[in-house]
Amino acid sequence: MVKNYIKTALRNLSRNKLYTVVNVLGLSLGIACSVVLLMLAQYSNTFDDFQVNKDRIYRLVNSSDGAGGERDYTPGVPGPLPDAIKEDFSEFEKVIFVRNMYGTKLVTVNADSDRPTYFELKQERLAFTEPGYFDLFTVAWKQGDMTSALEGPDKVVLSESVAKKFFPDGDALGKTIVYNKDSQLKITGIMADPSPHSDMPFEIFISYATIKKEVLAHGWGSVDSDDQCYILLSENDNPDRYRARLDEFVIKNFGEDNGNERYDLQPMSDLHFNDNYSNYRFYTTSKNEILVMVFIAIFLLLTACINFVNLSTAVAVRRSREVGVRKVLGGTRTQLVLQFLAESLAVVLVAVIIGLSLAELMILYVNPFMQVALDIPWGEPLFIVQVLAGSLLITLLAGFYPALVLSNFKPALALKNLITTKHSGAFSLRQGLVVFQFFISQVFIVGTIVIISQMNLLNSVDLGFTTDALVNIRIPERDPDKKKVLKAEVEKLANIEQASLVYTNPSSSSVSVSNFNVSDDAEEYYTSMKYGDNDYLDIYQIKLLKGRNVNPSDTVNEVLITKNLLEYIGYKGKEDEILGEMIKVHGIHVPIVGVMDDFNSVDLHDKVTPVMFMSSINSYRQLTVKVNLSNFSDTNDQIKAIWQKLYPEFDYDYNFVDDYIAGFYEEEQKMAKIFSFFSGVAILIGCLGLFALASFMVNQKVKEIGVRKVLGASVANIVGIFSWSFFKLIGISFIIAAPVAWYVMDSWLENFNYRVEIGPLFFIVAFLATLFIAVVTVGYKSFKAAVVNPVNSLKDE
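No experiment lies behind these values; they were computed from the predicted model shown. (Residues numbered from 1 in each chain as written. Predicted model: local features only at pLDDT ≥ 70, side-chain atom pairs only at ≥ 80, totals over all residues. Heavy atoms only, no water.)

Draft legend 1. Representation of the pairing of strand β16 (residues 513–518) within the structure. Two strands pair when backbone bridges link them, and β16 and strand β17 (residues 525–531) are joined in this way by four bridges, in the antiparallel orientation. Looking across to β17, one finds that N515 is bridged to Y526. Direction of pairing for β16 relative to strand β20 (residues 582–585): antiparallel, over a ladder of three bridges. Within the sheet, the bridge partner assigned to N517 lies in β20 and is K584. (Pairing = 2+ DSSP bridges. Helix = DSSP H or I, 4+ residues; strand = E, 2+ residues; numbered from the N terminus.)

And the structure:
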């Protein structure tokens, strides 16, 4: 019996080659894309799952009044806070301080030799922390004593790869390295490399005791987002019960006038998803994005299964006699269902093998593109079980209904060849499935158009400053004299039009917020701070509306403010009155000497916030130059030569300002490409189904086409008749898809302060695109049948 099933299945699949190829290709694409999307969703949703204490680890996070009255969120804490938390909250099992060292640092190996080796830390992630870090977080330990490795100052723990990089010829444990030219650090431990699947990606740990005195000296008024406090709660402890006590803690340490400071305990499971606070990997994935991935995966697979159902029921007419003969010879309906399910399973298994192979190829592109580490676990028994279970599920999902339809044919009609497409499954079901297919396609098309339009808008918005031909050159050390020499020497080059020492670009992901008071008014305000020399406004072409620019200075002695800061402090329309007004900022009183036009100080997800500008040479960390790009390569080599004389141990690095700004929207650009790709796949699968359905429809109506031509119907008439039924289905699917697409994309656009309006044009373009696809797909087969000689059509049996 089984042998007969197999032989019959192979024979029927071979006989209906178009049906087989379309089903295999459609299912393969659907399976491949679904597998990759589900793996991406699982990868994002399981960050740090290997942490033994994950359910008990919390991060102390803060929200307070920010620039322009907006709420400011930060995971940063003042230096003295962790010790104060330990004292006031004895219930906490562990309280650990972690300082991530952002930016380039220098490590010297064999510093006492004649030829020391310099390593510039760029990709390697470094943190200062306490010995209890390894009790809190799960770290695979290799050498040394984990419990005491970070006790006391000047201790360092390295990952295996970093240790091998520093000491390729020998054991690193017990050796000494020099950090940032002034700290002699003893290597007291070697650990495994950090998991790429963790938001704690550190490869180097230095004992916090090394810098603790310096951190505490900044007091309660200094907060850096990279200074964070992690807490381990007891088993079954409820973080909500500390809410009121944390409010009391704020009043105790910050006073009643604390800027509405509020501390909360953020679970570690939220670190990878909450973009209010970010994490040490510097990117988050929202839960909504994960849900979108899952839904797209499901819809793509359903689209492929719909093809299977439609094609199987359409081709059923050709198998009516086989069904009739089997029934007359005693075949039961159960046997027939099993036979047709076996054929479906054969198609599905082939499609699964091809789909997984395609998924493997996709991963080669997806991993570097999305910066993930996906891997299909071919050898794991669980994966094999999942594949087999998935294959059976797809078989039942796609093959069960066609099997019921085929096995239900009446022998009398089947043997007389009186089974028509109407008998091979209700038209309403097939039409409903086609509507669902094109509903998915049209939602994808509208989404893709909206995302691409939004990206184009972000690239064309006036930021309030220029980025043209501007290049940032990083400054790796704080030495003020070297900074001045670098600027002076670079300005002498022929192709350099302007240069300015700055902290950051006008728009930056590094945000500095400070409080200030106007005159002797007790009311406290908050604003974003920008630092640069007196060439800052000219090089970025920021408009000065009133007053003058700051005078050349290495320290803060006067400030500029933006127009919207005037409104924030109650001086709207009073630009002349504000000039000369004294403000207190950074503990000193300085005059306001000018009013700048507003500009975007952060990315375009947020609205324009008030900004204050001042000079402070100790804050500058890059040189921005305006370059004549006609001979940039030679000019860049000249800049590099000057730079290397000043900073010989470091690697020269630069970037274009417009590339830096574009980096703000890297995740959205990736989404646009991902969405476009999967939209294309959904449309392709739909086209395959339409093409095959049109082929079977034409084959069933060969004589009808011949009769119509004999009676005078034109080719256009025939093509129109066959296409119209599909056009109606596309119209119905569009009516359903339009509001769904609008809701989904409008929700996504809420993340942007600058956003495109979703107007009728988006939907008209999507509808016309779908119609065009249908015309090309269905029209081709209809046209091919319409131009056949009617004599041949009428002879067809």
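Draft legend 2. Seen up close, helix α14 (residues 480–491). The end-to-end C-alpha distance of α14, which contains twelve residues, comes to 17 Å, matching closely the 16 Å that a straight helix rising 1.5 Å per residue would cover. By the burial criterion, the buried members of α14 are K483, L486, K487 and V490. Axial view of α14: buried residues confined to an arc of 95 degrees, hence all on one face. Turning to α14, the residues buried within the fold contact β15 (496–502), β23 (622–627) and α18 (632–646). Two to three positions downstream of the cap, the backbone nitrogen of D481 sits 2.9 Å from a side-chain oxygen, assigning the N-cap of α14 to D479. (Expected span 1.5 Å × (residues − 1). Buried < 20%, exposed > 50% of the residue type's maximum accessible area, 1.4 Å probe, protein only. Arc of directions from axis to C-beta. Contact = heavy atoms within 4.5 Å. Polar contact = N/O pair within 3.5 Å; in protein donor to acceptor, adjacent residues only side chain to side chain.)

Draft legend 3. Quick peek at the environment of V602. Within the secondary structure, V602 is located in the loop between β21 (588–596) and β22 (611–614). With 91 residues separating them along the chain, V602 and V511 place their C-alpha atoms 7.7 Å apart. Filtering out sequence-adjacent residues up to four positions away, V602 remains in contact with S507, S508 and V511.

Draft legend 4. Structural context of the side chain of N600. Tracing the backbone through its elements, the reader meets N600 in the loop between β21 and β22. The class for N600 is buried, based on a relative accessible area of 2%.

Draft legend 5. Here's a closer look at helix α2 (residues 17–45). Taking 1.5 Å per residue as the helical rise, α2 with its 29 residues ought to reach 42 Å, and the 41 Å between its terminal C-alpha atoms agrees with that figure. When you tally the buried positions in α2, you get 21 out of 29 residues, the bulk of the element.

Draft legend 6. Structural view of the sheet that holds strand β14 (residues 470–474). Across the sheet, four strands lie side by side as β15-β23-β14-β24; this open sheet has antiparallel pairing. A single partner strand is all that each edge strand has here, and the edge strands are β15 and β24 (654–656). When strand polarity is set aside, the average angle formed by the axes of neighbouring strands in this sheet is 25 degrees. Pairing analysis gives three bridges linking β14 to β24, with the strands arranged antiparallel. Bridging across to β24, N472 finds its partner in N655. Packing of α14 onto the sheet brings it into contact with β15 and β23, and relative to β15 it is tilted by some 170 degrees. The strands touched by α18 within the sheet are β14, β15, β23 and β24, with β14 carrying the most contacts at an inclination of about 25 degrees. (Axes fitted to C-alpha atoms, helices over the stretch in contact; angles between N-to-C directions.)

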